Amino acid sequence: MSAEERRESVIRAAITEFARGGYSATSTEVIARRVGVSQPYLFRLFPNKQAMFLAASERCLTDTRRVFADAAEGLEGEEAQSAMAGAYQRLIVEDPDRLLMQMQMYAAVAAAEAAGDHEFGESVRAGWLQMFDELTVAVGGDAEEATDFLAYGMLINTLTSLGFPVGHRIWSKFCEPPGPAV
């Protein structure tokens, strides 16, 4: 396996481990073990744990942006929004580590900010801003529509994270519950 392939393996493993354990509680040892490499080799691919976490965060945001772009391709307005919403719901149901990683990103950046580390979240904020800008284009250039779309998505994230089951009355008030891919 090439170094680039190993790096990809580390990013996938880091998403899973950071998603489940958070930034502070996840050791690089558990990531190395999941990939099947030594910790020293891991640090040849990434300079430190923070770099691994930020690479995992960037991948999570990039993959989400790709899901939105693929779903909206050739569509406009409400059709694009509906397609993106459905694709996102399928993503977080089919790959719950993606949702958990998002939640861990927000928690880790907030903790760093509270501790006075404003650099830690720079790349995460940049990725999120890129997603907002791309969504604004996808919904016809309307920043308010993009904001509403993301607010709706964050509510879905929250309800899904809290474990509200499909069919619970909370889903019926404002959206279709996330369900299996159709």
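Anything mentioned here points back to the structure above.
Residues numbered from 1 in each chain as written. Predicted model: local features only at pLDDT ≥ 70, side-chain atom pairs only at ≥ 80, totals over all residues. Heavy atoms only, no water.

Caption draft 1: Structural view of a negative patch on the surface. Together, Glu78, Asp142, Glu144, Glu145 and Asp148 make up a negatively charged patch on the protein surface. Considering each element in turn, the negative patch owes the most residues, 3 residues, to helix α8 (residues 143-161). Relative to the elements of secondary structure, Asp148 occurs in helix α8. With a relative accessible area of 44%, Asp148 lands in the partly exposed category. (Patch = residues over 30% accessible without salt bridge, like charges linked within 9 Å, V, L, I, M, F, W, Y side chains within 5 Å. Areas by Shrake-Rupley, 256 points an atom, 1.4 Å probe, with all protein chains shown as cover. Salt bridge = Lys/Arg side-chain N within 4 Å of Asp/Glu carboxyl O. Lys, Arg positive; Asp, Glu negative; His and termini not counted. Charge placed at Lys NZ, Arg CZ, Asp CG, Glu CD. Helix = DSSP H or I, 4+ residues; strand = E, 2+ residues; numbered from the N terminus. Buried < 20%, exposed > 50% of the residue type's maximum accessible area, 1.4 Å probe, protein only.)

Caption draft 2: Spotlight on helix α2 (residues 28-35). Restricting attention to buried positions, one finds in α2 the residues Thr28, Ile31, Ala32 and Val35. Here the buried residues of α2 occupy an arc of 100° about the axis, which is enough to place them on one side. Buried residues along α2 sit against α1 (3-25), α3 (39-45) and α4 (49-72). One or two positions beyond α2, positive phi appears at Gly36, with a value near 85°. (Arc of directions from axis to C-beta. Contact = heavy atoms within 4.5 Å.)

Caption draft 3: Representation of the packing of aromatic side chains. Taken as a whole, this structure holds 7 aromatic pairs when the rule is applied. With a centroid separation of 5.0 Å and an interplanar angle of 70°, the aromatic rings of Tyr23 and Phe53 are classed as edge-to-face. With a gap of 30 residues between them, Tyr23 in helix α1 and Phe53 in helix α4 connect regions that are remote in the sequence. A residue is classified by how much of its surface remains accessible, and Tyr23, at 22% relative accessible area, is partly exposed. What makes Phe53 buried here is its relative accessible area of 0%. Here the aromatic cluster, defined as three or more aromatic residues joined through ring pairs, consists of Phe18, Tyr23, Phe53 and Phe120. Sitting over the ring of Tyr23, Lys49 keeps its end group 4.9 Å from the ring centre. (Phe/Tyr/Trp six-rings, centres within 6.5 Å; stacked < 30°, edge-to-face > 60°. Lys NZ or Arg CZ within 6 Å of the ring centre and 35° of its normal.)

Caption draft 4: Highlighting the pattern of salt bridges. Inspection of the entire model under this criterion finds 10 salt bridges. Residue Asp63 is joined to Arg98 by a salt bridge in which the shortest nitrogen-to-oxygen separation is 2.5 Å. Here the residue Asp63 occupies a position in helix α4, and Arg98 occupies one in helix α6 (residues 96-114), the gap between them amounting to 35 residues. By relative accessible area, which is 14% here, Arg98 ends up buried. One salt bridge connects Asp95 with Arg98, and the closest N-O pair in it is separated by 2.9 Å. You can call Asp95 partly exposed: its relative accessible area is 25%.

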